[in-house]
Amino acid sequence: MKIEALSYLGIDLGGTKLLIGEMDSAGTIISRKQYRSGFLDQTNALQVIEASLEDYLRTGRIQYEKPPQAIGLGLVGRVNNALGIWYQIDARRTTELKITEILGRKFALPCYVENDVRSALKAELLFGCGQQSKDFVYINVGTGIAAGIVSGGHVLQGGHCNAGEAGHTRVGVDPGVEIPCECGRVNCVEAVASGSGLDKCARALIHRYPDSILSIPAGGKPVEVKEIFEKSGRDPLCARLVDTAALAVANLIMNLVRTSDPDMVVLGGGVVSDRFLFPKIQAALDPHTMRFVTRGVEITRLDPAYAGLMGACTVAMNREFSN
Ligand SMILES: [Zn+2]
């Protein structure tokens, strides 16, 4: 039987995997296929996207009645949603690409693009906590940390499409040693509480804990966040990493609450979605600071495995969320 519903095609590009799939207008993912990404720069990433999308259209969506309505991209880095430009992955990879024009022409479909965190925020706005709140903060705590801010139903974009890079703020915690951050500063919340930050902190502190049972892998492999959590009950280094990360995220939440006055805070991303850190984060929140956050602090209800894909598909819907 063929699927008759309208579908929106999403491309969720992460550092190691690329997920392509389709969602109906009610927010249900109806098909998906995973590819390897492993890109070096934007030009290389575009080649990976094109080859994977060709494969998906050939093999991934045979049961559909109609072509997808549009393509939506959720990309890491700085993205201009209005102009369809992918400016940069990070400070070192800055090949500006008119990616919606290139893909739109090649695949003969309307194409839209957004930063990965803001695209997940848009899925949250349409299908998640946006059903209850029009003033909320979404904080992604994964390999990195970034925030999306919705104020009065509008997504804050910023003058240079760079709003919400709250991972690069300092939050008054002392990791015990200066941890250099990608952005050039030290001890940013991303450098102490994200997946990459926990890896950096573990490596910087391990010599002070010669009896630690935490494994520090070689060969470019990161320290497993899950292992840090599991061993934190019996390993002083892991306990310290967990306590610092939880306090750092709690302070970030309170800073954003003071900055944007939301009634709800939603957390997503691999470091928080297993809920291990969540009670520790909540315990570090000051009730007075949080008094107007009447709908509470929650872990996203969107499936963390597909939140990025839902975000990209939501971008394909091209709804107006910006002011
Ligand atoms: Zn930083």
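Residues numbered from 1 in each chain as written. Predicted model: local features only at pLDDT ≥ 70, side-chain atom pairs only at ≥ 80, totals over all residues.

## Observations regarding the overall build of the protein chain
- Each helix and strand in the protein chain was counted, giving nine helices and 12 strands.
- Taken against the 2.2 N^0.38 rule, which gives 20 Å for 323 residues, the C-alpha radius of gyration of the protein chain at 20 Å falls within 12% of a compact globule.
- On the principal axes, the C-alpha backbone points of the protein chain span a range of 60 × 45 × 40 Å.
- Each of the 323 residues in the protein chain was classed as buried or not, and the buried ones make up 45%.
- Considering only contacts within the protein chain whose residues lie at least 6 apart along the sequence, 65% involve residues at least 24 apart. (Helix = DSSP H or I, 4+ residues; strand = E, 2+ residues; numbered from the N terminus. Rg over C-alpha atoms; globule rule 2.2 N^0.38 Å. Buried ≥ 20, exposed ≤ 12 C-beta atoms within 10 Å, placed from the backbone. Contact = placed C-beta atoms within 7 Å.)

## A word on helix H3 (residues 116-127)
- For H3, with 12 residues, the first-to-last C-alpha span of 16 Å sits near the 16 Å given by 1.5 Å per residue.
- Burial within H3 is extensive, with 11 of its 12 residues counted as buried.
- For H3, every residue scored as buried is listed here: Asp116, Val117, Arg118, Ser119, Ala120, Leu121, Lys122, Ala123, Glu124, Leu125 and Phe127. (Expected span 1.5 Å × (residues − 1).)

## Here we look at the sheet that holds strand E10 (residues 154-155)
- Read across the open sheet, the five strands follow the order E10-E9-E8-E11-E12; overall the sheet is mixed. Two strands close off the open sheet at either side, each with one partner strand: E10 and strand E12 (297-299).
- Inspection of the sheet shows strand E9 (residues 145-151) paired to E10 by two bridges, in the antiparallel sense. By the bridge assignment for E10, Val150 is matched with Val155.
- Packed on one face of the sheet, helix H7 (residues 236-260) meets strand E8 (136-141), E9, strand E11 (264-268) and E12 and runs near 155° to E8. (Pairing = 2+ DSSP bridges. Axes fitted to C-alpha atoms, helices over the stretch in contact; angles between N-to-C directions.)

## Brief notes about the domain arrangement of the protein chain
- Taken domain by domain, the protein chain comprises domain 1 (8-123 + 306-316) and domain 2 (132-299).
- Taking only C-alpha atoms, the centre of domain 1 and the centre of domain 2 are 26 Å apart.
- Listing elements by their share of the side of domain 1 that touches domain 2, those giving two or more residues are strand E5 (78-80) and H3.
- When residues of the side of domain 1 that touches domain 2 are assigned to their parent elements, the largest contribution, five residues, is made by H3. (Domains from an automatic or database assignment.)

## Quick notes on the pairing of E8
- Within E8, six of the six residues are buried, which leaves it mostly tucked inside the rest of the structure.
- Neither face of E8 is exposed, since Phe136, Tyr138 and Asn140 on one face and Val137, Ile139 and Val141 on the opposite face are all buried.
- Here E8 pairs with E9 via six bridges, running antiparallel. Within E9, the residue paired with Tyr138 across the bridge is Gly148.
- Hairpin remark: E8 followed by E9, antiparallel, with three residues in the connecting loop.

## Things to note about the pairing of strand E3 (residues 29-36)
- Bridging between strand E2 (residues 17-23) and E3 involves seven bridges; their strand directions are antiparallel. Of the residues in E3, the one forming a bridge with Gly21 is Arg32.
- Turn length for the E2-E3 hairpin, with the two strands adjacent in sequence and antiparallel, is five residues, and the turn residue Gly27 shows positive phi of about 95°.

## Some words on the nonpolar core
- The biggest cluster of nonpolar side chains holds 92 residues, and the ones touching the most others in it are Ala245, Val249 and Val265.
- Considering every element that reaches this core, the biggest residue donor is H7, with 14 residues.
- Per-domain counts for this core show at least three residues from each of domain 1 (8-123 + 306-316) and domain 2 (132-299).
- Contacts of Val265, omitting those with residues within four sequence positions, involve Phe136, Val137, Ile139, Ile253, Val257, Val293 and Val297. (Core = buried A, V, L, I, M, F, W, Y, C linked by C-beta atoms within 7 Å.)

## Some words on the sheet that holds E2
- Ordered by their spatial adjacency, five strands build an open sheet running E3-E2-E1-E4-E7, and the pairing between neighbours is mixed. Edge strands, defined here as strands with exactly one partner in the open sheet, are E3 and strand E7 (111-115). Strand-to-strand twist of the sheet, defined as the mean angle between neighbouring strand axes without regard to direction, takes the value 15°.
- Taken together, the five bridges between strand E4 (residues 71-75) and E7 define a ladder with parallel strand orientation. Along E7, the bridge assignment pairs Gly72 with Tyr112.
- The strands that H3 touches are E4 and E7; relative to E7, the one it contacts most, it runs at about 105°.

## Things to note about the environment of Ile11
- As for its placement among the helices and strands, Ile11 is situated in strand E1 (residues 8-13).
- Residue classification places Ile11 among the buried positions, given that 27 C-beta atoms sit within 10 Å.
- Distance from Ile11 to Gly72, taken between C-alpha atoms, is 6.2 Å for residues 61 residues apart in sequence.
- Not counting chain neighbours up to four residues away, the residues in contact with Ile11 comprise Ile20, Ile49, Leu53, Ile71, Leu73 and Ala312.

## What about helix H2 (residues 99-107)?
- Buried residues of H2: Ile99, Thr100 and Leu103, and no others. In an axial view of H2, the angular spread of the buried residues amounts to 90°, which keeps them on one side of the axis.
- The inward-facing, buried residues of H2 abut helix H1 (42-59), E4, strand E6 (85-88) and E7. (Arc of directions from axis to C-beta.)

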